[in-house]
Amino acid sequence: MNTRELQDEINRLKKEKNICILVHAYQNHDIWEVADYVGDSFGLSQKAAQADADTIIMCGVRFMAETVKMLAPEKKVILSNAIAGCPMAEQISVEEIQELKKQYPGHTVVAYVNTTAALKTQCDVCVTSSSAVKVVKAIPNDKILFIPDCNLGSWVEKQVPEKKFVFVKGGCPVHLSMSTNHVKLVKEQHPNALLLVHPECHAEVTAMADFVGSTTEIMSFAKKSDAKEFIIGTENSIVQHLQFECMGSGKRFFPLSKTCICQNMKLTTLGDVYECVQGIGGEEITMTEEMRLAAKRSIDEMLKLG
Ligand code: 13P
Ligand code: SF4
């Protein structure tokens, strides 16, 4: 089968079996084309809560599929590739957060959604890159313990100066591979290009940007902008997706770094998605009802405030 035939077969099977395919923005474009919804972490959790399907296939990484299961417990939830995880999700253990909570009493524990379900049970509210500022502003406490992404945390801190933040060491190894040297180099080659970055980047890189936002926000900014050239400071698939979406507009997109590739996001192939719709691939996400309810509180709080 070629790509088009495989996509047709996936579309036929998903209709026949009432399956919804949710796709994170970092997935490859051939997977985007069979999606019912493509978006950032916040959009994906909203869609998971609303999805009217018997089965949801989450093409992304494990914490995303876990979030879907928390919000849609009656549905069968499949992670597209069983070994696709986010290394940041496991940077802090349950024991460590319990210690930190003793060390910082009276703080609201804000967790980036890139965390395990077990860790979410210990947190007050989750945030995503697109909801973090709004959610943190709305928290009725000015003492915030922010885990595990210090760079996202310090970007939020700049926009919510009225609150006091404690950060715990952590971050995304993919975004942290981009430095201010990359910015200087690519800016020399494309002096008129706007720099659009994800808040998981180093604070020094974020400080040089013309726009900072989630994957979806970066894409909408580039699509709406009158500018013609853009340097993309996030996973490189966004360069390719923007090329597709802005075809014919004369806009040009350049990666900030050649190596900004999330190997975990790239594990899922169109073949994996085909096996998932056939009912023979991926991994079905299960969790105890106790764990689900305890972890879901922080997601519900985010959806309420964000
Ligand atoms: P977004 O919420 O921007 O999609 O980010 C998810 C992620 O994992 C970024 O590395
Ligand atoms: Fe995790 Fe970074 Fe990959 Fe996003 S890009 S899934 S934060 S490792």
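As a reminder, the structure under discussion sits directly above these lines.
Residues numbered from 1 in each chain as written. Chains lettered and ligands numbered in written order. Predicted model: local features only at pLDDT ≥ 70, side-chain atom pairs only at ≥ 80, totals over all residues. Heavy atoms only, no water.

A.B. asks: Please provide a residue-by-residue account of the sheet that holds strand S3 (residues 55-59), values included.
C.D. replies: Paired through backbone hydrogen bonds, the strands of a sheet run either parallel or antiparallel to each other. If you trace the 5 strands from one edge of the open sheet to the other, you get S2-S1-S3-S4-S13, paired in mixed fashion. Two strands lie at the open edges of the sheet, namely strand S2 (37-39) and strand S13 (283-284), each paired on one side alone. Judged from the 4 bridges that link them, S3 and strand S4 (residues 76-79) form a sheet pairing that is parallel. If you follow Thr-55 over to S4, its bridge partner there is Lys-76. Seen against the sheet, helix H3 (residues 41-50) touches strand S1 (19-24), S2 and S3 and runs at an angle of roughly 165° to S1. (Pairing = 2+ DSSP bridges. Helix = DSSP H or I, 4+ residues; strand = E, 2+ residues; numbered from the N terminus. Contact = heavy atoms within 4.5 Å. Axes fitted to C-alpha atoms, helices over the stretch in contact; angles between N-to-C directions.)

A.B. asks: Can you explain the packing of aromatic side chains? Please cite residues and give values.
C.D. replies: The description of two aromatic rings rests on the distance between their centres and on the angle between their planes. With the rule as written, the count across this model stands at 4 aromatic pairs. Judged by centre distance (4.4 Å) and plane angle (15°), the rings of Phe-211 and Phe-221 are stacked. In this pair, Phe-211 is assigned in strand S10 (residues 211-212) and Phe-221 in helix H11 (residues 215-224), connecting sequence segments 10 residues apart. On the numbers, 5.3 Å between centres and 15° between planes, the contact of Phe-230 with Phe-253 is stacked. (Phe/Tyr/Trp six-rings, centres within 6.5 Å; stacked < 30°, edge-to-face > 60°.)

A.B. asks: Describe the sheet that holds strand S12 (residues 252-255), and please don't skip the residues or the numbers.
C.D. replies: If you walk across this open sheet you meet the 4 strands as S10-S9-S11-S12, and the pairing is parallel. Two strands bound the open sheet, and with one partner strand each, they are S10 and S12.

A.B. asks: Account for the site of ligand 1, with residues named and values stated.
C.D. replies: Around ligand 1 lies a shell formed by His-24, Tyr-26, Asp-40, Ser-41, Tyr-112, Asn-114, Ser-129, His-175, His-198, Glu-200, Ser-214 and Thr-215. In this structure, His-24 approaches ligand 1 through a side-chain N or O atom, which is 2.6 Å from an oxygen atom. Take Glu-200: an N or O atom from its side chain is 2.9 Å from an oxygen atom of ligand 1. For ligand 1, the protein covers 96% of the area, taking 300 Å² as the surface of the free molecule. Looking at the shell around ligand 1, its residues break down into 2 nonpolar, 8 polar and 2 charged. (Near = heavy atom within 4 Å. Polar contact = N/O pair within 3.5 Å; in protein donor to acceptor, adjacent residues only side chain to side chain. Areas by Shrake-Rupley, 256 points an atom, 1.4 Å probe, with all protein chains shown as cover. Nonpolar A, V, L, I, M, F, W, Y, C, P; charged D, E, K, R; others polar.)

A.B. asks: I'd like a description of the environment of Asn-18, backed by residues and values.
C.D. replies: When you line up the elements, Asn-18 lands in the loop between helix H1 (3-16) and S1. Take Asn-18: its relative accessible area is 33%, and that puts it in the partly exposed class. Between the alpha carbons of Asn-18 and Val-109 there is a distance of 38 Å; along the sequence they are 91 residues apart. When residues no more than four places from it in sequence are discounted, the contact partners of Asn-18 are Asp-52, Ala-53, Asp-54 and Thr-55. (Buried < 20%, exposed > 50% of the residue type's maximum accessible area, 1.4 Å probe, protein only.)

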